[in-house]
Amino acid sequence: MLLLTLLIVLLLVCATVLAVAWRWKRPDAAQPRVVLSGGGTGGHVNPALAIAEGLKAREPQTRFLYIGVKNKAESVIVNKAGYELRYVCSEGYPGINLSLGTVRFVLKLSLGIAQSIIILTRFAPKWIVATGGYVSAPVIMAAVLLKKLKIARVEVFLHEQNSIPGQLNTLMGKWVDKVLLTFPQTLTFFPNAAVVGYPIRHSIVPLHPEEARERLSFPIPEGRQIVFAFGGSQGARTINRAIVDALPFLLPHRDRLFIIHGSGLACSSGYNAADDTEGRIAKLLTPEQRGELGDFYYRQDYFHNIAEIYSISSLIVCRSGAGSLNEISRIGKPVLLVPKANLPGDHQVMNARAMRNAGAAQILFEDTVMENGGLLEHLDGQVLAEKILALLEDRPRMQEMAEKSRGFLKREAIERIVSEIYDDQRFTDGNGRVVPFRELLGNGRLLQMLSEAYAHLGTSFDPASVVEDLDDLAYYRHRAAGLLSHKSWQDRNLGVKLIGFTRYREKIPTLLQMLADRTPAGVLRRICGGDFEQVGFIRRNIVNALIVMDCYTPEVRKHLPVAMEDPYFEVRARACRAVAHFGDFFAGKDEWVDRLMERLGDGCFEVEIEAAKALGEIGTDWKAAKALLSMNESRYWQARNAALLGIKRMMERGVLDPSNELIAAVSSFILTSTDFRPHFQIKETYGALRKCSESLQGVSLRRQTAVGSNQVARKLK
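Residues numbered from 1 in each chain as written. Predicted model: local features only at pLDDT ≥ 70, side-chain atom pairs only at ≥ 80, totals over all residues. Heavy atoms only, no water.

A. A look at the overall build of the protein chain. Each helix and strand counted, the protein chain has 32 helices and 15 strands in total. A burial count over the protein chain gives 53% of its 717 residues as buried. Considering only intrachain contacts with a sequence separation of at least 6, the fraction spanning at least 24 residues in the protein chain is 70%. (Helix = DSSP H or I, 4+ residues; strand = E, 2+ residues; numbered from the N terminus. Buried < 20%, exposed > 50% of the residue type's maximum accessible area, 1.4 Å probe, protein only. Contact = heavy atoms within 4.5 Å.)

B. Up close: empty space enclosed by the protein. According to the stated counting rule, one finds 4 cavities of 30 Å³ or more in the structure shown. Computed from the structure, the largest cavity encloses a volume of approximately 70 Å³. Forming the boundary of the largest cavity are 11 residues, of which Thr-238, Arg-241, Glu-377, His-378 and Leu-379 lie nearest the centre. Elements supplying a minimum of two residues to the lining of the largest cavity: α8 (237-250) and β15 (374-378). Of the residues forming the lining of the largest cavity, the biggest block, 5 residues, is contributed by α8. Partitioning the lining of the largest cavity into residue classes produces 3 nonpolar, 2 polar and 6 charged. (1 Å grid on protein atoms, 1.4 Å probe; cavity = no way out; pocket = protein on both sides within 12 Å on 5 of 7 lines; lining within 4 Å. Points joined across faces, edges and corners; volume = space filled by probe spheres on them. Nonpolar A, V, L, I, M, F, W, Y, C, P; charged D, E, K, R; others polar.)

C. Spotlight on the packing of helix α27 (residues 590-599) against helix α29 (residues 622-629). Between α27 and α29, the shortest axis-to-axis distance is 11 Å and the interhelical angle comes to 5°. It follows that α27 is roughly parallel to α29 by the angle criterion. Mapping the contact onto sequence places Asp-590, Val-593, Asp-594 and Met-597 in α27 and Lys-623, Ala-624 and Ala-627 in α29. Residues of the contact of α27 with α29, tallied by class, amount to 4 nonpolar, no polar and 3 charged. (Axes fitted to C-alpha atoms, helices over the stretch in contact; angles between N-to-C directions. Parallel < 35°, antiparallel > 145°, perpendicular 65-115°, else oblique.)

D. Up close: the environment of Gln-638. Structurally, Gln-638 is set in helix α30 (residues 637-652). For Gln-638, the contacting residues outside a window of four places in its chain are Phe-605 and Ile-609.

E. Layout of the nonpolar core. Membership of the largest hydrophobic core comes to 126 residues, with the highest contact counts inside it found for Phe-228, Ile-260, Met-355, Leu-511, Leu-596 and Ile-647. Filtering out sequence-adjacent residues up to four positions away, Phe-228 remains in contact with Ile-260, Gly-262, Phe-303, Ile-306, Ile-309, Tyr-310, Ser-313, Leu-315, Ile-316 and Val-317. (Core = buried A, V, L, I, M, F, W, Y, C linked by side-chain atoms within 4.5 Å.)

F. Geometry of the sheet that holds strand β10 (residues 297-300). Spatially, β10-β9-β8-β11-β12-β13 is the arrangement adopted by the 6 strands of the open sheet, whose pairing is parallel. For this open sheet the edge positions go to β10 and β13 (361-363), each flanked by a neighbour on one side alone. Strand-to-strand, the axes of this sheet are offset by a mean angle of 20°, without reference to chain direction. Helix α12 (residues 322-331) rests against β8 (225-230), β11 (315-318) and β12 (335-337) of the sheet, and its axis sits at about 175° to β11. (Pairing = 2+ DSSP bridges.)

G. Quick look at the pattern of salt bridges. Tallying each qualifying case throughout the model produces 31 salt bridges. Across the pair Asp-276 and Arg-241 runs a salt bridge whose closest N-O atoms are separated by 2.9 Å. Pair noted here: Asp-276 is in helix α9 (residues 273-284) and Arg-241 is in helix α8, with a separation of 35 residues, a long-range link. Assessed through its relative accessible area of 22%, Asp-276 is described here as partly exposed. Where salt bridges share partners, they join Glu-565, Arg-572, Arg-599 and Asp-602 into one cluster. (Salt bridge = Lys/Arg side-chain N within 4 Å of Asp/Glu carboxyl O.)

H. Expanded view of unusual backbone geometry. Even without a glycine there, the phi angle at Ala-124 is positive, about 50°. For Ala-124, the position within the fold is in the loop between α4 (100-123) and β4 (127-130). Assessed through its relative accessible area of 4%, Ala-124 is described here as buried. Its identity as a non-glycine residue notwithstanding, Glu-468 has a phi of 80°, on the positive side. Tracing the chain through its elements places Glu-468 in the loop between α18 (463-467) and α19 (470-483).

I. How the structure looks around the pairing of strand β3 (residues 84-87). Examined bridge by bridge, strand β2 (residues 63-68) and β3 share 4 bridges and lie parallel to one another. Note that in β3 the partner of Gly-68 across the bridge is Tyr-87. Regarding the hand of the β-α-β motif, the stretch spanning β2, helix α3 (residues 73-81) and β3 is right-handed. (Right-handed = clockwise from strand over helix to strand, strands pointing away.)

J. Spotlight on the sheet that holds β2. If you trace the 7 strands from one edge of the open sheet to the other, you get β3-β2-β1-β4-β5-β6-β7, paired in parallel fashion. This sheet does not close on itself; its edge strands, each paired only once, are β3 and β7 (193-195). Adjacent strand axes in the sheet meet at a mean angle of 25°, parallel and antiparallel pairs treated alike. Alignment of strand β5 (residues 155-160) against strand β6 (residues 178-181), held across 4 bridges, turns out to be parallel. By the bridge assignment, Leu-158 is partnered in β6 with Val-179. Here α3 sits on the sheet and contacts β2 and β3; the angle it forms with β3, its principal contact strand, is near 160°. Docked against the sheet, helix α16 (residues 413-422) engages β4, β5, β6 and β7, running at close to 155° with respect to β5.

K. Representation of the side chain of Ser-263 within the structure. One can find Ser-263 in the loop between β9 (257-262) and α9. The class for Ser-263 is buried, based on a relative accessible area of 0%. Of note is the side chain of Ser-263, whose polar atom sits 2.6 Å from the side chain of Arg-299. Setting aside anything within four residues of it in sequence, one finds Ser-263 in contact with Gln-234, Gly-235, Ala-236, Asn-240, Ala-273, Ala-274, Thr-277, Arg-299, Gln-300 and Asp-301. (Polar contact = N/O pair within 3.5 Å; in protein donor to acceptor, adjacent residues only side chain to side chain.)

L. Up close: the pairing of β2. Within β2, 5 of the 6 residues are buried, which leaves it mostly tucked inside the rest of the structure. The pairing of strand β1 (residues 33-37) with β2 spans 5 bridges and is classified as parallel. By the bridge assignment for β2, Arg-33 is matched with Arg-63.

M. Geometry of the packing of α12 against helix α13 (residues 347-357). With their axes 10 Å apart at the nearest point, α12 and α13 run at an angle of 20° to one another. The angle between α12 and α13 places the two elements in the roughly parallel class. The crossing of α12 and α13 is right-handed. Facing α12, whose interface residues are Ala-322, Leu-325 and Ile-328, α13 presents Asn-351, Ala-352 and Met-355. (Left-handed = near helix turned anticlockwise from the far one by under 90°.)

N. Region of the structure containing the packing of aromatic side chains. Inspection of the entire model under this criterion finds 20 aromatic pairs. Geometrically, the ring pair formed by Tyr-454 and Phe-501 is edge-to-face, given 5.7 Å between the ring centres and 70° between the ring planes. Of this pair, Tyr-454 sits in helix α17 (residues 443-457) while Phe-501 sits in helix α20 (residues 489-501), and the two are 47 residues apart along the sequence. With relative accessibility at 12%, the residue Phe-501 sits in the buried group. (Phe/Tyr/Trp six-rings, centres within 6.5 Å; stacked < 30°, edge-to-face > 60°.)

O. Fine view of α19. The end-to-end C-alpha distance of α19, which contains 14 residues, comes to 20 Å, matching closely the 20 Å that a straight helix rising 1.5 Å per residue would cover. For α19, a buried count of 10 out of 14 residues is recorded, marking the element as mostly surrounded by other parts of the structure. Taken together, the buried positions of α19 are Asp-472, Leu-473, Tyr-475, Tyr-476, His-478, Arg-479, Ala-480, Ala-481, Gly-482 and Leu-483. The backbone nitrogen of Asp-472 has a side-chain oxygen 3.1 Å away, supplied by the residue at the start of α19, namely Asp-469. (Expected span 1.5 Å × (residues − 1).)

Quick look at the structure:
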């Protein structure tokens, strides 16, 4: 009976497989079927719809099915476009570190693959065209699985919009039939690729400003320069807040300006774009200022007919997603870009650099600031307003940027893509050529390069000469600051180091706030020996960053005593080193000498060593010298060695006379070491100190002789 049941189940499975496979073999020339997938943002949805327009122009009877994720951009945009829409489960890749997010990602991806198999089996497409975003992953994986099982007869195409692909697209690109690229640089990532450009909807065409103005649903006074600011389909909190913060600085110019603001569709518990923007306007602007916004500022969640807004704009402020850049290029407008930092491969920054290098754009980078007790990406509204006004007043520059913008786009992208899908070779230059470009350095490589240069150059170190491109250095600084807002302390620690070595001095107040932050660590971290949220390694490297940046301020002076009392010994030791580094500001000041003398009895020899060296830099009398001489029998030879170095440094500075009394006291130091070495460093230090003393005594004797000779000469006269 069991054998018969198994046989029946096997026959049913085989019959199902054969039936499913037959769906792909049935004649379908009269109505080609295409699955479109890609979502999360308009930057993935709009290219898919543009490709659909191209395929429909070739064969009008083509049937399309769009596969997306619920409550994302595709829910609004695809429905409005009139295409059939189905949803599957998926979410963004959380990274390689194992976590609950990783488990959730795997479960959702698995469910999404199962859902995609059912949808694909029922629809039986001839082609699948994916445009990236995490929704593409389960669809492509399901298609690959069906092809491997010899069930599906479907070709899979993946369009990569950015110059640097994301992690999922890099993986998916190895499995699809062909990857279609926007930028030639991306050819190095995919062996099965063709450069086709970015597909733009047919509706995105330049319109005459008067025609575009007539189509608008809101009025704009005549004679205004129009600034269009938006952050993509979902909106960008940084840009939304910055444009609101800029309004008070732009309002005095309202007679000649008009601001159009696309705040985005984002509506989640973490961020509601419309509510946050309206709330910020109510909080930041006075009633009088809000009353002046009517003929100066207009906000809308999303502009479906965005070509009209592009066409009337004098300047555009936006993110640097590939979709936005190519749409702007088709219209031919100058643009001020605010790229999102710390994305996979820094693709938005790479896109922005490509357009800037073409002469069509300027770049402003996000910063990271302390707000409401947390670190947040931020763009200063006044800086944005000043940049907007400066560009609008430079009409020749604006005209040049507009001309360069029109030349940035690779034309006929849709036709090239359709040619690749049909494999009819209508465009023979689809593969393009690899365009060399200077790659942005990863954080690890950047830190290594800068730290090596600092170790080699010392006080003459200049990060600009190491990085060479000032715009890249500006981005590296902002990217480093962005790491300070990460949950992982390792990321924050890396950010602190990079801020120091890029000499991003504007972040000193933020670093000092982190240094003084005494928010307790979580229970698990405390069990493992942690103390505060900003762990000891971070606090130590903050002090070290202050040394590397070589910038002494009253705030630095205020926080160093706190660091000298820090519970983590490495912070105390590095704080003593900072006092030595800024010795010119502390020399001869009793309060700082006293603080260092307290650290001589710290109990941790690493701290005692740095305190002794620092006394040599700021001590000016026998008070400091006696404290150092008292270490002559210290338990640790390294501490005794540091004391000798401190005394030697005071002699070199000319604040300690190499008297016989001093030399006798120095002779009492124990010069032995517990280390089994052929040379004892403390003996070498002692020898160097004696030579320094003899040299200084010789100079003093010659001076006395010269003074005596002058006195004799005067008497003879």
